[in-house]
Structure formats: structure tokens, C-alpha cells
Amino acid sequence: MNNPAFSVTFVRHGESEWNKMNLFCGWHDVDLSEEGEWDALEVSAAALKQANMRFDIAFTSCLRRANHTLEIILKELSLTDIPVQQRWRLNERHYGALTGFNKRQMADIYGEEQVQVWRRSFNVPPPAIEPTNPYYHAIKNNPRLRHIAEKDFPTTETLETTMKRVVPEWTDTIIPEVRAGKRVLVVAHGTSLRGLVKHIQDADIMKFNLPNSIPFIIDFDDSMKMVGGIRFLANDDTVRKAMEKVASIGK
């Protein structure tokens, strides 16, 4: 393969406190678990360091688990002085009324098939979150999210509706930095990154499980079309096992 014109590096945040408890998290703003912090340092940052990756600018969401992952990476790479842009459109998908509930319990109540449809279908949303949900007000009143216009603040989302906010952020904010020659790092979430990958690859990714913490690189030609495949900064066996772990969550 000829040298690509551009490359962008992506990282899905490490395990969060709610990942650990197998809870639907979405827009609820929990931090990394101890294992998530370890992964950010010993998996994400270590892989980037070993590959001698350097960055000029970083993009992340407005949620702590992604922000904390990025902070750990930049500190380890001695890059704490680069600009960081927190963009709410890179937030995780909003899981609506499922927020705060155990994935196994929801499967027992609604059936495994229904929960998998909500989790993995392109355009079938879970029920919207209601004010009676114990986390509704914490999400709505989160100072990190107060700048979001009411019309843009979701109450439930699908991969499709998540892509409708993520893709414009990619096109309007991130790509101009890439085209300007900046070395760009994006640290975000499972569904927001899956939506970006789907857009970039123009492919069906419904069964694509994006592993936590393992950095991956996508190369582009002059017209920002993807060239080659996704390059994970880990060996194939490590990537396969991490993907299988993501696929098994909730079972």
C-alpha cells in the first residue's frame, strides 16, 4: 500500500464503573473503574507509546470516562499541552429508559431478543427516559451538558440517530484539522465510534464489536476515503479476545 495521505487514531475508553456492574450507561456521567484506569495506562497509552505515536490535537466527548482515558494517555505520552476539544456530539449513545438498569435484568424482563434489538439494531430505539428514572435529573442537570440546546438533548437514541450527530462533528470539526496536517487523536465511546466507523467504511457493522482501550488507526487518501483496513495496535489474538469480551457483555 502506498503511504496514506492522512491517518487518524481512535481509542474507545476503558471499563467504566457501570461497565463493571453491567449497567446501561449512555449519557450518565460515571468515571472509569480501577481496571479502566489501568487499561488506559497499560493498554491504550502503552500501545501508543510503543508505536511512537505523537499528536497535535485531541477530540473527546463531554463524559468523564472518555475524558479521564484521554487525560491518562496524554500524561503518559507527555502531551498534556496539546489542545483538547470536548464535543458533546461524540458522547455515547443515549440508552433511554434502559439507563441505570442491569443488562441481564432487562433481558429477563423484556426477553433476550428484544434487548439485543435495542442494543444492536440500526434504527429501533429503547423507550425514552422519563423523569421517573433515577438518573434522569442527574443527566439533564449535568454541568458538562448544560450547553446543549433543548432540541438537541436526546431522551433515547439508536445507532442511526447517534450517527446523525457524530458524522457532522467528524465532517465539520475533525476532518479540517486532519486536512491541515494535524496528527489527530479521538477518544470516545463504543456506539459513537461504531457510528464513525460505519460512516467511514460505508459498511454493515451491526455485528462489529469495538474493543475497549486498544487504539486503532484508519488511513485515508487525499479525498478522505478510507484506504486499507482498520489497524489495531495489538496482535490479532488480543484484538479477537477483546472483541469477544465486548460481544459477551450482558449474556
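Residues numbered from 1 in each chain as written. Predicted model: local features only at pLDDT ≥ 70, side-chain atom pairs only at ≥ 80, totals over all residues. Heavy atoms only, no water.

As named in an unreviewed UniProt entry, the protein is phosphoglycerate mutase (2,3-diphosphoglycerate-dependent), taken from Anopheles epiroticus. The Sequence similarities (unreviewed entry) comment attached to the protein in UniProt states, word for word, "Belongs to the phosphoglycerate mutase family. BPG-dependent PGAM subfamily." Looking at the Catalytic activity (unreviewed entry) heading of the UniProt record, one finds this comment for the protein: "(2R)-2-phosphoglycerate = (2R)-3-phosphoglycerate". (UniProt positions renumbered as here; feature names shortened; annotations may be inferred.)

**Side note on helix α7 (residues 159-179)**
Its axis deflected by about 35° at Trp170, α7 carries its strongest bend there. At the N-terminal end of α7, a side-chain oxygen is found 3.2 Å from the backbone nitrogen of Glu160, two or three residues along, and the residue is Thr158. At the C-terminal side of α7, Gly181 shows a positive phi close to 90°. (Bend = angle between axes of the 7 residues up to and from the residue. Helix = DSSP H or I, 4+ residues; strand = E, 2+ residues; numbered from the N terminus. Polar contact = N/O pair within 3.5 Å; in protein donor to acceptor, adjacent residues only side chain to side chain.)

**Points about the UniProt feature "site: Transition state stabilizer" (unreviewed entry) in the protein**
As annotated in UniProt, the feature "site: Transition state stabilizer" (unreviewed entry) corresponds to His189 in the numbering used here. Take His189: it is sitting in the loop between β4 (184-188) and α8 (190-201). Exposure remark for His189: the relative accessible area of 0% places this residue in the buried category. (Buried < 20%, exposed > 50% of the residue type's maximum accessible area, 1.4 Å probe, protein only.)

**Examining the nonpolar core**
If you look at the biggest cluster of nonpolar residues, it comprises 29 residues, and the most contacted ones within it are Val8, Phe10, Trp170, Val184, Val186, Ile218 and Phe220. When residues of this core are traced back to their parent elements, those giving at least two are β1 (6-12), β2 (57-60), α7, β4, α8, β5 (216-220), β6 (226-232) and α9 (236-248). Element by element, the count of residues in this core is highest for α7, at 5 residues. When neighbours within four sequence positions are excluded, Phe10 is seen to be in contact with Trp170, Val186, Leu193, Leu196, Ile200, Ile214, Pro215, Phe216 and Ile218. Ala45, Leu70, Ile82 and Ile217 belong to the second largest nonpolar core, which has 15 residues in total. (Core = buried A, V, L, I, M, F, W, Y, C linked by side-chain atoms within 4.5 Å. Contact = heavy atoms within 4.5 Å.)

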